[in-house]
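Spelled out from the first residue to the last, the chains are:
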2 protein chains.
Amino acid sequence: MDRHFDEELRILKEKLIKMSSIAEEMIAKSINALKERKGELVDEVFEHERTINEMQIEIDDFAFKLIALHQPAASDLRFIIAAIKINSDLERIGDLAVNIVERVRDLLKEPPLKPLIDLPQMAAIAQNMVKDSIGAFIDRNADLAREVCRRDDQVDSLNGQIFAELYAYMIKDSASINRAIDLLLVARHLERIADHATNIGEDVFYIVKGRDIRHHREE
Amino acid sequence: MDRHFDEELRILKEKLIKMSSIAEEMIAKSINALKERKGELVDEVFEHERTINEMQIEIDDFAFKLIALHQPAASDLRFIIAAIKINSDLERIGDLAVNIVERVRDLLKEPPLKPLIDLPQMAAIAQNMVKDSIGAFIDRNADLAREVCRRDDQVDSLNGQIFAELYAYMIKDSASINRAIDLLLVARHLERIADHATNIGEDVFYIVKGRDIRHHREE
């Protein structure tokens with residue numbers, strides 16, 4: 001393959017790494033805004049959204065031109081098509097961080113319902129899943145990709161725990177319902193972020209191993 | 001372009017239409033399971049999930065081979081890459097219908113909280129958005145695509161109404177909290193289904209008009 005194509009593939013990877021690092025930062029800021037009750041972090045997440053949206057369009061166009069102009073061989077084509085899908089996942093992760101700060105904005109108007117332990121832990125796992133799924137893609141590392149997918153179970157189990165705890169608050173005191181629902185939705189959004197990282201992990205596994213683990217991860 | 005390629009493009013479209021019709025059926029069944037309290041429809045949605053998952057892999061592979069073997073011209077390439085993205089959206093719509101019936105399964109264990117009016121209406125709009133977004137794709141109809149995107153506002157506004165109503169139930173009677181949260185999550189899942197249809201509409205608009213309405217739909 002010509003050197004020019006390799007160089008463009010490298011640029012594509014760099015663009016995705018940059019987009020991922022913004023998405024990771026959005027997750028971190030959204031949960032820190034809640035934990036440390038910092039409204040300015042809410043605003044920062046909204047600002048990042050604009051950047052990540054612009055990057056999505058830029059990466060889509062770049063990847064498309066790469067296929068149209070170079071007519072790459074099968075394995076490179078798989079890689080670029082995976083990049084296009086991953087690009088969508090990262091953009092939706094950014095959207096979900098925005099959904100989180102929309103809830104945080106409401107939560108900061110009232111006193112904290114409870115000390116937060118599980119939610120920040122869930123956010124940390126989700127954030128690392130995003131980071132590692134992109135790392136697995138760049139390095140074509142199927143083992144790491146599969147390992148990211150497995151971490152999704154931890155997130156689901158934390159989500160269950162958080163739900164049970166918040167439900168108990170709501171039953172005990174109807175004045176807590178509003179805040180409990182907001183926290184419950186934050187947990188849901190984090191769970192969906194982890195789902196997107198899992199999608200990326202599955203796509204990476206597929207392009208590296210040429211075998212599909214979507215829809216039968218347990219096998 | 002050779003006739004063989006045109007024929008394969010036609011097959012790709014047919015596969016997507018079939019996948020979409022299954023997704024639409026899953027939405028209809030998930031909400032009918034709730035409204036008519038029919039547990040057997042819950043099981044049917046789970047069965048459809050297997051089919052839709054298999055179809056996703058099949059369509060992905062088919063689209064990939066179409067690019068790899070025919071090295072299509074730019075406009076056909078855009079169309080096929082859009083098909084790959086739409087394929088992901090349809091699969092996630094199926095997942096969301098499954099998420100709905102998971103909640104319905106719980107809801108059917110208890111007496112109904114309230115007569116359902118807004119939720120079925122929301123489901124009907126979401127289902128039509130899916131249908132029309134795929135129709136817009138097949139017919140390369142940018143006007144219909146844009147119109148689908150606009151309908152997302154109706155869904156968001158219904159979601160807000162449903163939330164307010166359920167919140168009032170929860171405040172009034174803590175015995176209603178469990179069911180109210182389940183219904184609230186059903187509404188969220190429907191809202192996300194509409195979001196996926198909107199994504200499809202935006203992609204269609206882009207490939208037809210060559211102009212991006214993602215992220216600045218209001219302009």
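Only a predicted model underlies this, so the values are computations on that prediction, with no experimental measurement involved. (Residues numbered from 1 in each chain as written. Chains lettered and ligands numbered in written order. Predicted model: local features only at pLDDT ≥ 70, side-chain atom pairs only at ≥ 80, totals over all residues.)

Visitor: So what's going on with the environment of E25 of chain A? Which residues, and what values?
Guide: All names here are of chain A. Following the sequence through the fold, E25 ends up in helix α1 (residues 3-35). Given 17 C-beta atoms within a 10 Å radius, E25 is considered partly exposed. Sequence separation of E25 and V45 is 20 residues, and the distance between their C-alpha atoms is 8.4 Å. (Helix = DSSP H or I, 4+ residues; strand = E, 2+ residues; numbered from the N terminus. Buried ≥ 20, exposed ≤ 12 C-beta atoms within 10 Å, placed from the backbone.)

Visitor: Explain the confidence of the model for chain A to me, using residue names and the numbers behind them.
Guide: Residues and elements named next belong to chain A. Considering every residue of chain A, the mean pLDDT works out to 94; 95% of them sit at 70 or more. For chain A, per-element mean pLDDT is lowest for helix α6 (residues 177-209), which scores 94, and highest for helix α4 (residues 118-138), which scores 97. For this predicted complex, the interface score ipTM comes out at 0.86, alongside a pTM of 0.90. (pLDDT = per-residue confidence, 0-100.)

Visitor: Got a sec to walk through the relation of the copies chain B and chain A? Specific residues and values, please.
Guide: Between the two copies of the chain lies a relationship made up of a rotation around an axis and a movement along it. Mapping chain B onto chain A leaves a residual RMSD of 0.0 Å; the transformation is a rotation of 180 degrees accompanied by 0.0 Å of translation along its axis. Read as a symmetry element, the transformation amounts to a two-fold axis. An overlap of 100% is found between the interface residues of chain B and their copies at the interface of chain A, pointing to a shared contact surface. (Least-squares fit on C-alpha atoms with pLDDT ≥ 70 in both. Contact = placed C-beta atoms within 7 Å.)

Visitor: Residues and numbers for the interface of chain B and chain A, please.
Guide: The figure often quoted for interface size is the accessible area lost as the parts come together. Taken together, the contact pairs 20 residues of chain B with 20 residues of chain A. Among the elements of the structure, α2 (39-70), α3 (74-107) and α5 (142-172) of chain B are those that each provide at least two residues to the side of chain B that touches chain A. Of the residues forming the side of chain B that touches chain A, the biggest block, 7 residues, is contributed by α3 of chain B.

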